[in-house]
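# Chains, contacts and geometry: an overview
This is what each chain is made of:
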Amino acid sequence: MHLFKLIYRNTFRHKQRTWLTILGVTIAILAFGILRTLVNAWYAGVEASSSVRLITRNSISLVFPLPLSYKEKIQRIPGVENVSYAVWFNGTYISEKNFIPNFAIEPESFLEIYPEYVLPDDQKAAFFRDRGAVIAGRKVAERFDWKIGDTIPLIGTIYPGTWNFTLRGIYHGAEKNTDETQFFFHWNYLNESLKKSLPNRADQVGIYIEKIADPDLAPRVSEAIDETFKNSLAETLTETEKSFQLSFISMTEAIVVVIQLVSFMVIIIIMAVVANTMVMTARERIGEYAIMKTLGFGGWHLSVLIFGESLLITTIGCVFGVALTFPSAKIFREHIGTYFPVFTISLNTMLLSLAASTLVGIMAAVAPAWHATRIRIAEGLRRIG
Amino acid sequence: MGNRKQPIVEIRNLSKSYRRGSEVISVLENINLDIPEGEFLAFMGPSGSGKSTLLNLIAGIDGADSGMILVGGVDITSMTESELAYWRSINVGFIFQFYNLIPVLTAFENVELPLLLTWLSRKERREHVEAALRMVNLSDRMDHYPGQLSGGQQQRVAIARAIVTDPTILVADEPTGDLDRASAESVLGLMALLNREFGKTIIMVTHDPHAAEKAHTIITFEKGILGAPV
Ligand SMILES: Nc1ncnc2c1ncn2[C@@H]1O[C@H](COP(=O)(O)OP(=O)(O)OP(=O)(O)O)[C@@H](O)[C@H]1O
Ligand SMILES: [Mg+2]
């Protein structure tokens with residue numbers, strides 16, 4: 001026999017109590033994992049951003065456009081390697097529920113600046129060739145079961161009418177955190193149409209995207225761009241892609257902070273629950289601890305028993321909890337996945353769950369172990385009988 | 001009876017009191033006692049007279065206020081808590097009124113428990129445990145849990161646990177206090193056997209005159225004062 005055997009037997013002495021506590025830990029770790037993943041998903045856009053990309057927008061607001069004529073001027077600014085532009089189209093596919101981020105872009109320069117959107121060469125060529133073409137991310141294509149050659153209609157919201165596109169390519173992400181839910185089509189297609197129907201909205205873009213030679217150039221180039229358009233009709237605001245993404249997120253950052261707080265509160269609550277179980281357990285066993293002390297076992301041995309039992313409970317709960325995080329994340333992804341292009345459980349989250357459950361196991365055992373270590377034998381024995 | 005051999009336990013000017021709030025209750029006052037090796041000693045006397053207190057002091061599970069206790073020539077009153085724990089694991093076998101077995105361990109595992117503190121190999125431990133259980137006639141109940149054994153059987157397992165480390169002294173606090181006549185008889189017979197055949201020094205607290213009969217010497221307590229050995 002080994003002391004570990006005693007730990008195991010002690011743990012499952014009150015089966016119902018132990019399993020209920022384990023269930024509590026499981027649910028807590030599951031909640032913790034999902035909440036952490038949610039927070040990570042929120043920030044994924046930021047992490048996926050490149051430090052050699054700048055975004056230029058209208059300095060008043062993102063909703064105001066910039067003239068197409070800026071492209072040439074930006075191109076000439078030292079440090080700028082390539083310029084592209086995009087328009088937030090905001091079309092709806094069949095129903096409002098099917099949220100797909102969709103943009104009108106300038107294909108060649110855009111794909112050059114975003115090498116993480118990977119397309120087979122033939123699909124890329126087909127996309128460039130056909131002005132009514134569109135490429136979609138792997139996840140959207142799978143979600144709506146789109147095949148190359150399909151005609152996909154979007155209902156315009158900002159730009160009225162029904163717009164038909166032909167799917168010429170399906171891109172996949174070069175990185176794990178690359179957004180595979182987007183939909184890109186030719187800016188020209190939009191612009192030609194606007195020239196006829198809404199000429200005053202033609203020849204405009206939403207944002208410019210600049211590729212710079214070196215991340216260190218970002219402040220200088222940004223300044224130079226904004227300086228160029230100072231006192232013109234549309235003044236610009238240029239920032240790194242990361243701060244551009246963050247400016248979106250900051251709108252909801254308060255919520256993210258709350259989610260983070262809740263995820264830690266869940267851990268504190270379960271700490272109280274496990275501590276309660278351990279206190280009850282240790283109190284019942286004071287007599288047995290006294291016997292063991294009588295036989296020559298020290299406070300150290302009793303601490304091993306108590307910490308061991310507490311950690312066994314939290315570790316089992318953690319394993320179940322983490323295991324359940326995967327199917328739960330899958331369900332999550334299927335239902336609201338398009339709002340979070342990347343919703344995967346990171347190794348970091350799993351390690352954090354393990355760390356949290358270990359911390360819970362340790363904290364819950366501190367008081368009982370301290371008490372058991374200090375109990376005087378003669379007193380402890382008195383409680384038996 | 002008595003002084004056949006060198007004393008294994010020597011108690012000198014031992015005092016012990018308990019504090020209950022501001023009140024100090026003196027339980028033992030200036031006790032002197034020699035217990036020879038191989039003795040089978042019984043403490044008797046009214047409830048609250050300090051029998052258990054003295055036994056616990058001799059066994060090193062409680063601390064004295066003043067005085068000295070030498071066991072095998074070693075002063076245990078000057079030991080630190082961890083020194084005492086180690087000393088107990090080697091020198092003292094305990095038998096209590098309520099058997100005090102660990103309910104989630106089998107008879108075998110309960111007897112093995114004190115051996116986990118030794119450097120014995122698994123195989124050696126097994127041999128010791130089997131020998132001890134054979135001694136108390138429970139070889140066929142090794143895999144039973146305490147809840148599956150009668151009171152008398154549980155107390156015999158406790159005796160096996162007490163002797164498995166081959167201690168210097170055996171202390172027993174009302175070992176038959178919770179047993180019926182027949183079980184008590186078998187437990188007492190076993191203790192007498194350990195004393196007679198294996199030369200174990202036994203110190204026993206009891207209320208039962210029948211149990212005391214098995215002892216060589218009876219010391220009667222009266223409010224912390226020891227009567228003369230009888
Ligand atoms: N921890 C303690 N705190 C306060 N008083 C105590 C404590 N332990 C024992 N006493 C008191 O010391 C006295 C002697 O107790 P002890 O247990 O030694 O008696 P005893 O002779 O074994 O009695 P019994 O035959 O009932 O077992 C009693 O008055 C008891 O109340
Ligand atoms: Mg007593």
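By convention here, each chain's residues receive numbers from 1 onward along its written sequence. Written order decides the labels, with chains lettered from A and ligands numbered from 1. Given that the model is predicted, a residue must reach a pLDDT of at least 70 before its local features are reported, and side-chain atom pairs must reach 80 or more before they are shown or counted; all residues, however, enter totals for whole chains, interfaces and linings. Hydrogens are left out, water is left out, and the side-chain values use all remaining heavy atoms of the structure.

This part is about the confidence of the model for chain B. Low-pLDDT portions of the prediction should not be read for the details of their coordinates. Residue and element names in this part refer to chain B. Of all residues in chain B, 94% have pLDDT values of 70 or greater, and the mean over the chain is 88. Known as pLDDT, the predictor's confidence for each residue is given on a scale from 0 to 100. Runs of E in the DSSP output that reach at least two residues are strands. Runs of H or I that reach at least four are helices, and both are numbered from the N terminus. Mean pLDDT values for the elements of chain B range from 68 in strand β10 (residues 225–226) up to 96 in helix α3 (residues 107–112). The ipTM assigned to the predicted complex is 0.89, against a pTM of 0.73.

The next thing to look at is the sheet that holds strand β2 (residues 23–36) of chain B. All names here are of chain B. Read across the open sheet, the four strands follow the order β2-β1-β4-β5; overall the sheet is antiparallel. Each of the sheet's edge strands pairs with one partner strand only, and the pair in question is β2 and β5 (74–75). When strand β1 (residues 7–20) meets β2, the two strands line up antiparallel, connected through ten bridges. Within β2, the residue paired with Arg19 across the bridge is Val24. Strand pairing follows a simple DSSP-based rule, namely that at least 2 bridges must link the two strands.

Let's shift gears to the pairing of strand β7 (residues 151–155) of chain A. Residues and elements named next belong to chain A. Whether a residue is buried, partly exposed or exposed follows from its accessible area with a 1.4 Å probe, protein chains only, as a fraction of its type maximum: under 20%, in between, or over 50%, in that order. In β7, alternate side chains face the same way, and those of Ile152 and Leu154 are buried while those of Thr151, Pro153 and Ile155 on the opposite face are not. As paired elements, β7 and strand β8 (residues 162–173) share five bridges and run antiparallel to each other. If you follow Ile152 over to β8, its bridge partner there is Phe165.

As a further point, take the pairing of strand β4 (residues 102–105) of chain A. All names here are of chain A. Summarising the sheet, strand β3 (residues 80–88) and β4 pair through three bridges and their orientation is antiparallel. Across the sheet, the residue bridging to Val87 is Ala104, located in β4. Looking at chain direction, β4 and strand β9 (residues 183–186) are connected through four bridges and run parallel. Across the sheet, the residue bridging to Phe103 is Phe184, located in β9.

What follows concerns the packing of helix α5 (residues 151–163) of chain B against helix α6 (residues 181–198) of chain B. Residues and elements named next belong to chain B. What counts as an axis is a line fitted to C-alpha atoms, over the stretch in contact for a helix, and the angles between N-to-C directions run from 0 to 180 degrees. The geometry of α5 relative to α6 is characterised by a closest axis approach of 9 Å and an angle of 15° between their N-to-C directions. Our classification of the angle between α5 and α6 gives roughly parallel. When the axes of α5 and α6 are compared, the crossing they make is right-handed. Contact with α5, carried on its side by Gly152, Gln155, Arg156, Ile159 and Ile163, involves Ser183, Ser186, Val187, Leu190, Met191 and Leu194 of α6 and no other residues of that element. Under the convention adopted here, Pro, Cys and the residues Ala, Val, Leu, Ile, Met, Phe, Trp and Tyr are nonpolar, Asp, Glu, Lys and Arg are charged, and Gly plus all remaining residues are polar. Each residue belonging to the contact of α5 with α6 can be placed in one class, and the counts come to six nonpolar, four polar and one charged. For classification purposes, angles smaller than 35 degrees are called roughly parallel, those larger than 145 roughly antiparallel, those between 65 and 115 roughly perpendicular, and all remaining angles oblique. We call a crossing left-handed when the near helix sits turned anticlockwise from the far one by less than a right angle, and right-handed when that turn is clockwise. Contacts: residue pairs with any heavy atoms within 4.5 Å of one another.

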